[in-house]
Amino acid sequence: MYQFTEDCRIGIEQIDEEHRKLFTLINEAAELPTEARTAKTVSQILARLSDYAATHFAHEEAYMSEHEDPELPLQEKEHQAFTDHVQALAAQPLTDENASAILDEILPFLIRWLYHHILSSDMMIGKLKPTDPFAFTAKFHTGIKEIDDEHRRLFDIIRETNALIHNDLLHDKYDEIIHLLSELREYTKIHFADEEAYMKKIGFPQLDEQIRAHAAFVDKLITIDLDTLDEIDDHQQEYLLELIDFLAGWLVNHILKMDTKIGVFEREAH
């Protein structure tokens, strides 16, 4: 059973319910007995999943459009990439002999994509930009020094990058910006590894949810192609500002929603 866990709730009722329904449909397909996995049945399952995903994507994009969410173009690209991939998988010739194997191939992709998409992209739908997204204030403290110190460093890197982006008097600043973004990517990986090791050491019960969220965010960072920044030309400033807003927003949301629970768990356990 694939669980629609608390970390997958984004706080928008319709979207959360549709995500939960997608989990239900995937679980129903996964639990289908081998003898029932005929070409006709599997074809119907895939069509139902594809249709519901398309309906959900339309609702999600409409919500983002209505609220002028700046992440809408990115969501549309991710939704289309998902649709294209599922259609390619479903286009494989189906027979009663291979139907079960094809279903077993598609379902892990569906659930893995859904977890990553919710935790890295959907989690940011409708989130208001904080007044000062770069201030590491007391509300972000977990009470665990090594985690708090690493969080502070992540905020510092984002703050330094943002300052460079806004410095119109500095020539040739983009090389330094790329250097800082590369540092942010590498330091984030180090921090997530340290944090996961700490959670494992104390027996933190939501470790799996944290690992999924971390993996989704790292995947997002990896897709940012810093080598093509020069090709953006006149839109460099706009692109970088949107990127920094996203990175800071995700970090704020993740710390407040998930990381602060680590400190609470450790204090209550002792």
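Figured I'd write up the structure that's included with this text.

**Considerations on the packing of helix H2 (residues 39–66) against helix H3 (residues 72–90)**
Here comes step 1: Axis separation between H2 and H3 bottoms out at 10 Å; the angle between their running directions is 175 degrees. Accordingly, the angle class assigned to the pair H2 and H3 is roughly antiparallel. Of H3, the residues touching H2 (which contributes Leu46, Ala53, Phe57, Glu60, Glu61, Met64 and Ser65) are Leu72, Gln75, Glu76, His79, Phe82, Thr83 and Ala90.

**Some words on helix H6 (residues 174–202)**
Here comes step 1: For H6, built from 29 residues, the straight-helix expectation of 42 Å at 1.5 Å per residue is met to within 8% by its first-to-last C-alpha distance of 42 Å.
Here comes step 2: Immediately downstream of H6, the backbone of Gly203 shows phi near 75 degrees, a positive value.

**Brief notes about the nonpolar core**
Most often, soluble globular proteins have nonpolar side chains that are buried together.
Here comes step 1: In terms of nonpolar packing, the biggest core is built from 39 residues, with Phe23, Phe82 and Leu110 touching the most fellow members.
Here comes step 2: Elements with a contribution of two residues or more to this core: helix H1 (13–30), H2, H3, helix H4 (99–120) and helix H7 (207–223).
Here comes step 3: Top contributing element to this core by residue count: H4, with 13 residues.
Here comes step 4: Excluding residues within four positions of it along the chain, Phe82 makes contact with Ala53, Phe57, Phe109, Leu110 and Trp113.
Here comes step 5: Of all hydrophobic cores here, the second largest spans 29 residues; its members include Phe217, Val218, Leu251 and Ile255.

Each value, and the rule that gives it
Residues numbered from 1 in each chain as written. Predicted model: local features only at pLDDT ≥ 70, side-chain atom pairs only at ≥ 80, totals over all residues. Heavy atoms only, no water. Axes fitted to C-alpha atoms, helices over the stretch in contact; angles between N-to-C directions. Helix = DSSP H or I, 4+ residues; strand = E, 2+ residues; numbered from the N terminus. Parallel < 35°, antiparallel > 145°, perpendicular 65-115°, else oblique. Contact = heavy atoms within 4.5 Å. Expected span 1.5 Å × (residues − 1). Core = buried A, V, L, I, M, F, W, Y, C linked by side-chain atoms within 4.5 Å. Buried < 20%, exposed > 50% of the residue type's maximum accessible area, 1.4 Å probe, protein only.

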